[in-house]
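# Coordinates in review
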Amino acid sequence: MSKTVQRWPLAFATMLALAAVAAGFLIGDDVVENWQLAARWTARVGAPIFLLTYSASSLVRLFPSSTTKALLRDRRWWGLGFAASHTIHLGALATYLMIGPESRTLASLIPGAVAYSMIYLMAATSNGYSMRRLGRNWKRLHSFGIHYIWLIYMAAYAGRILQPEKQVEGVIATTIFLAALGLRIAARKPRRVATA
Ligand code: HEM
């Protein structure tokens with residue numbers, strides 16, 4: 001398969017995030033709301049792209065088919081697509097925070113900043129050369145990073161369960177993210193027990 005065809009998830013995720021920004025501009029009543037909606041919806045379109053990347057290896061193990069195998073084959077490009085769409089989230093949220101009424105403490109930005117560091121570290125090492133150079137550390141980095149990003153999504157959505165006006169989306173999204181973790185646990189290879 002040609003590299004260009006394999007890269008389609010990157011183009012798809014970028015277009016989806018740009019469409020989310022455009023939708024924010026079409027629907028918001030003023031420039032602050034435009035950027036707030038753009039920040040909200042770029043995070044939202046990133047969620048399914050993230051979940052595909054997060055679940056690819058589990059899906060192929062539990063439900064092997066040509067579709068899940070194609071997903072696993074292109075997982076790198078789905079991951080890079082997530083990095084691209086979340087870069088657009090970063091642009092939208094930075095603009096919103098600069099022009100909007102919300103003020104955030106530096107401490108409240110730390111979990112998100114760490115998530116961005118993980119996203120870019122993972123994107124920069126999503127290639128054969130880095131895999132060979134980092135050896136076992138490559139797997140450690142990517143495994144920690146992807147679960148950390150999962151945790152940030154979970155924190156964002158689980159926090160809504162206690163807010164009556166956002167409870168439904170909180171429950172739905174939290175359930176989906178927990179189900180994705182459940183898939184990873186179900187697909188774990190049993191550890192070999194050493195025998196004497
Ligand atoms: C310092 C970094 C970050 C800041 C300051 C930030 C800020 C924001 C802002 C301003 C919104 C719109 C809130 C609203 O709807 O009024 C938002 C939405 C959101 N962000 Fe980010 N964000 C950051 C990083 C991240 C990361 C790394 C993730 C995920 C890995 C993430 C996930 C979300 C989610 C899930 C939403 C809600 C989307 C929805 O309404 O469905 N954010 N963020």
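Everything below is about the structure shown above.
Residues numbered from 1 in each chain as written. Predicted model: local features only at pLDDT ≥ 70, side-chain atom pairs only at ≥ 80, totals over all residues. Heavy atoms only, no water.

### Observations regarding the side chain of Ser130
Inspection of the secondary structure puts Ser130 in helix 7 (residues 128–134). If we skip the residues at most four places from it in the chain, Ser130 touches Ala124, Thr125, Gly135 and Trp138. (Helix = DSSP H or I, 4+ residues; strand = E, 2+ residues; numbered from the N terminus. Contact = heavy atoms within 4.5 Å.)

### Description of the packing of aromatic side chains
Applying the stated criterion to the full structure yields 14 aromatic pairs. Ring geometry for Phe82 against Tyr153: centres 6.3 Å apart, planes inclined by 50°, an arrangement best described as tilted. Of this pair, Phe82 sits in helix 5 (residues 75–99) while Tyr153 sits in helix 8 (residues 136–158); the two residues are 71 residues apart in sequence, bridging distant segments of the chain. The exposure class assigned to Phe82 is buried, which follows from its relative accessible area of 4%. (Phe/Tyr/Trp six-rings, centres within 6.5 Å; stacked < 30°, edge-to-face > 60°. Buried < 20%, exposed > 50% of the residue type's maximum accessible area, 1.4 Å probe, protein only.)

### Some thoughts on the coordination of the iron atom of the ligand
There is one protein donor for the iron atom of the ligand, and it is His89 (NE2), at 2.3 Å. Residue position: His89 is located in helix 5. (Donors = N, O, S within 2.8 Å, 3.2 Å for Na, K, Ca; no water.)

### Description of the nonpolar core
Counting residues in hydrophobic clusters, the biggest one holds 24 residues, and the most contacted among them are Phe50, Phe82, Ile149, Tyr153 and Phe177. Of all the secondary structure elements, the ones that give two or more residues to this core are helix 3 (31–62), helix 5, helix 6 (106–124), helix 8 and helix 9 (167–187). Ranked by residue count, the leading element in this core is helix 3, at seven residues. With residues near it in sequence (within four places) discarded, Phe82 still touches Ala13, Gly46, Ile49, Phe50, Ile119, Ile149 and Tyr153. Counting eight residues, the second-largest nonpolar core is a separate cluster that includes Ala17, Val45, Ile88 and Ala92. (Core = buried A, V, L, I, M, F, W, Y, C linked by side-chain atoms within 4.5 Å.)

Don't take any of this as a statement about function, it's just geometry.
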